[in-house]
Amino acid sequence: MRIALAALALALAAGPAAAQPRGDLRVVVGNFGREMLDPALTTTQDLQYAGHIHDPLIAGDARGQLSSERGLAESWELSPDATTLTLRLRREVVWHDGRPFTSDDVVFTLGERLVAQDATCTFCRFLRSGIDRVEAPDAHTVTIRLKFADPTFPSILSSRDGDIRVLARHNYRRTDTGYELIGNPVGTGPWRFESFERGVAMRLAANTAYWDQGRMPQFATLRILPRAQPSTRLAMVRSGEADMAFIDPRQSADARRAGLRLHMLEGATINLLSFMGCWQPEMLCHRQELREAIAHAIDVNTIVARYYPEGSGRRVASSVWTEAALGFDPGLTPYRYDPRRARELLQSIGYDGRPVKIWVVPTNSNPEAPEIMQLVEGYLRAAGFRTEATSMEFGAFRPRYANDPQNFETRYAAHLYIDSPAARPTVIPNLSVSYISRQAGGIIQAYWNPERMDADFARLRGMTDLRELDEALREVNRRTYAEYAFVPVAARAVVAAVGPRVSGWSPGNFGIAWNLETVGRAD
């Protein structure tokens, strides 16, 4: 089946790479996430600072289709039974320290480092649950044998859908629990590591020996600067202190009034309210009535209108499905704002005043989370809920769901957190992150009935016919929608305000590493 992919709007494409990189590109992001340099210990939220050193095996083209254009595999082939993936690697690639890139590095990455006990990347558990073994028939061929059929597995290895990056074997050494990085990270990517100051700055240099000379950076150096306050990020571009800043969508008008240009990657992520810990029967949100009451208590239309102006966001009905995705159902409509219905539902279950815990956690893909959660809290209180809000950095919050066991106290009626999954066309990666249990290879485990979802997921991963998979995913979409499993907010854009030294940017339509090597220099 041909997967229909929406042609998402793209900003101006960068011009051809300069013969010799020059100048310093300064880019401001919301935060540095976990502040880890080992990709095995980072998440998709960390790709904005850590994702430029390393390359993926597979990428996506301008239409979102899987492609070899920006990946280390020049071709790949999945066996008819979808249990064996063969990758043929580029021969001209070298690591930043000059050593040759070979299939043994891919064997190390997928068969050893990312499946080790200490690996915590977003899709590391998915790899552990799916890969049987990884082999290298020769220096430029890799064979991945899966435990069961999975026609969508190549998407996990792509920058379009996953966070998997290829690592150098010689950059690591064994430990009792896995591996540790030796010195600074060494990659094959368009930017070389130079320095990292936690919470201050990351400095990279252009890789002039990059295998794709058409994407060699036009700037000689890249400085990535974390600034938590949205006003600060925008002010740095206005003053010339930075060349590019990822801003809150509602700052778009302010940026235009200041004479700045905007580059917008539409529908890149999906903001949704996740019910954390509700797989525990002791929590009130294990009951559909409580989840439904929360959905009806919140005026999402007002939130979207207030925080996503100028086409920077649109309301969606499904949790992790957008128009480009397998299983998308255009017949589903967003939950309606009905505070009277919310109060009726609370009365029907004898709501005892247990507070709803609201986690205020800004991320690079959702820096506006604090303001949105402030509105959410107000709507819930108006509908009769008690609430308790706690602000926290993502790096501190992630262990609550990433540790075994998860840490979400049952004395609360629910725990609410804004998750921002990428808009992934195959959807299977999003289900693996947000829906399934940690025992099945998941991470966030935000679905209220993990046993049922694990069974569904195992069935979905075994389907080799994409038409059948599309229909099965649509059934899961409809059922979880009817259960009020999540409260979708918006398909949101990545919005960058740029100064006069930037001529263009070609991030790609999917994925959240954003390919800063494609930022063009205007001078």
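Note: the structure precedes this text.
The notes below deal with the structure included here.

Looking now at the overall build of the chain. A count of helices and strands for the chain gives 14 helices and 21 strands. A compact globule built from 523 residues should have a C-alpha radius of gyration of about 24 Å, and the chain, at 22 Å, falls within 12% of that. In terms of its C-alpha atoms, the chain occupies a principal-axis envelope of roughly 65 × 55 × 45 Å. Split into buried and exposed, the 523 residues of the chain put 64% on the buried side. Here the analysis covers contacts within the chain between residues at least 6 apart in sequence; of these, 73% occur between residues at least 24 apart. Charged side chains in the chain number 61 positive and 61 negative. The centres of these two groups are separated by 3 Å.

We now examine the state of the cysteines. Throughout the structure, instances matching the rule amount to two disulfides. Here Cys278 is linked by a disulfide to Cys285, with a sulfur-sulfur distance of 1.7 Å. Looking along the S-S bond of the Cys278-Cys285 disulfide, the torsion reads about -100 degrees, which is the left-handed sense. Disulfide partners in the chain, listed by the sequence order of the bonded cysteines, are 1-2, 3-4.

What the rule picks out here adds up to 39 salt bridges. With its nearest N and O atoms 3.8 Å apart, the salt bridge here joins Arg381 to Glu377. With Arg381 and Glu377 both in helix 10 (residues 369-382), this residue pair falls four residues apart, about one helical turn. Taking relative accessible area as the criterion, Glu377 reaches 19% and is therefore assigned buried. Shared partners join several salt bridges into a network, and the residues in it are Asp329, Asp470, Glu471, Arg474 and Arg478.

This part covers the nonpolar core. Residues Leu57, Leu87, Leu110, Ile144, Leu157 and Leu431 are the most contacted members of the largest nonpolar core, which totals 78 residues. If you look at the next biggest cluster of nonpolar residues, it comprises 46 residues, including Tyr308, Leu345, Ile372 and Leu416.

How two helices sit against one another is set out by the angle between their axes and by the gap between those axes. Direction vectors running N to C along helix 7 (residues 288-297) and helix 9 (residues 339-348) enclose 160 degrees, while the axes themselves pass 7 Å from each other. As the angle between them shows, helix 7 and helix 9 are arranged roughly antiparallel. The hand of the helix 7/helix 9 crossing is left-handed. In contact with Glu289, Leu290, Glu292, Ala293, His296 and Ala297 of helix 7, helix 9 contributes Pro339, Arg341, Ala342, Leu345 and Leu346. For the contact of helix 7 with helix 9, a count of residues per class yields seven nonpolar, one polar and three charged.

Attention now goes to helix 13 (residues 450-461). Think of an α-helix as 3.6 residues a turn; residues three or four steps apart then line up on the same face. Spanning twelve residues, helix 13 covers 16 Å between terminal C-alpha atoms, matching the ideal 16 Å at 1.5 Å per step. Those residues of helix 13 that sit buried are Pro450, Met453, Asp456, Phe457, Leu460 and Arg461. Buried residues in helix 13, looked at end-on, bunch into an arc of 125 degrees, giving them a common side. Away from its buried face, by an angle of more than 90 degrees, helix 13 presents the exposed residues Glu451 and Ala458. Check the buried side of helix 13 and you find it contacts helix 3 (124-130), helix 12 (428-435) and helix 14 (466-482).

Our next topic: unusual backbone geometry. Residue Asp404 is joined to Pro405 through a cis peptide bond whose omega torsion reads -5 degrees. Inspection of the secondary structure puts Pro405 in the loop between helix 11 (394-402) and strand 18 (414-419). Even without being glycine, Ala82 reaches a positive phi, approximately 60 degrees. Assignment of secondary structure puts Ala82 in the loop between strand 4 (73-78) and strand 5 (84-89).

Another point: the packing of helix 12 against helix 13. Packing of helix 12 against helix 13 leaves a shortest axis separation of 11 Å and a crossing angle of 160 degrees. With respect to each other, helix 12 and helix 13 are oriented roughly antiparallel. You can see that helix 12 and helix 13 cross each other, and the crossing is left-handed. Contact with helix 12, carried on its side by Ile428, Leu431, Ser432 and Tyr435, involves Met453, Phe457, Leu460 and Arg461 of helix 13 and no other residues of that element.

Turning our eyes to something else, we now look at the side chain of Gln48. Considering the arrangement of structural elements, one finds Gln48 in helix 1 (residues 47-50). Judged by its relative accessible area of 1%, Gln48 falls in the buried class. When residues no more than four places from it in sequence are discounted, the contact partners of Gln48 are Val29, Ile224, Asn364, Ile512 and Trp514.

It is worth spelling out empty space enclosed by the protein at this point. Within the structure shown, the criterion is met by six cavities of 30 Å³ or more. Of the pockets and cavities examined, the second largest cavity occupies roughly 180 Å³. Around the second largest cavity, the lining comprises 19 residues; the ones closest to its centre are Thr44, Thr122, Asp419, Val433 and Ile444. Breaking the lining of the second largest cavity down by element, the ones donating at least two residues are helix 11, strand 18 and helix 12.

Right, let's talk about the pairing of strand 12 (residues 221-226) for a bit. In terms of residue burial, strand 12 counts as a mostly covered element, since five of its six residues are buried. In this sheet, strand 12 lies alongside strand 11 (residues 201-206) in antiparallel orientation, the contact comprising four bridges. Bridge pairing in strand 12 places Met202 opposite Ile224.

Definitions and cut-offs
- Residues numbered from 1 in each chain as written.
- Predicted model: local features only at pLDDT ≥ 70, side-chain atom pairs only at ≥ 80, totals over all residues.
- Heavy atoms only, no water.
- Helix = DSSP H or I, 4+ residues; strand = E, 2+ residues; numbered from the N terminus.
- Rg over C-alpha atoms; globule rule 2.2 N^0.38 Å.
- Buried < 20%, exposed > 50% of the residue type's maximum accessible area, 1.4 Å probe, protein only.
- Contact = heavy atoms within 4.5 Å.
- Lys, Arg positive; Asp, Glu negative; His and termini not counted.
- Charge placed at Lys NZ, Arg CZ, Asp CG, Glu CD.
- Disulfide = S-S within 2.5 Å.
- Salt bridge = Lys/Arg side-chain N within 4 Å of Asp/Glu carboxyl O.
- Core = buried A, V, L, I, M, F, W, Y, C linked by side-chain atoms within 4.5 Å.
- Axes fitted to C-alpha atoms, helices over the stretch in contact; angles between N-to-C directions.
- Parallel < 35°, antiparallel > 145°, perpendicular 65-115°, else oblique.
- Left-handed = near helix turned anticlockwise from the far one by under 90°.
- Nonpolar A, V, L, I, M, F, W, Y, C, P; charged D, E, K, R; others polar.
- Expected span 1.5 Å × (residues − 1).
- Arc of directions from axis to C-beta.
- 1 Å grid on protein atoms, 1.4 Å probe; cavity = no way out; pocket = protein on both sides within 12 Å on 5 of 7 lines; lining within 4 Å.
- Points joined across faces, edges and corners; volume = space filled by probe spheres on them.
- Pairing = 2+ DSSP bridges.

Purely geometric stuff here, so don't read any function into it on its own.
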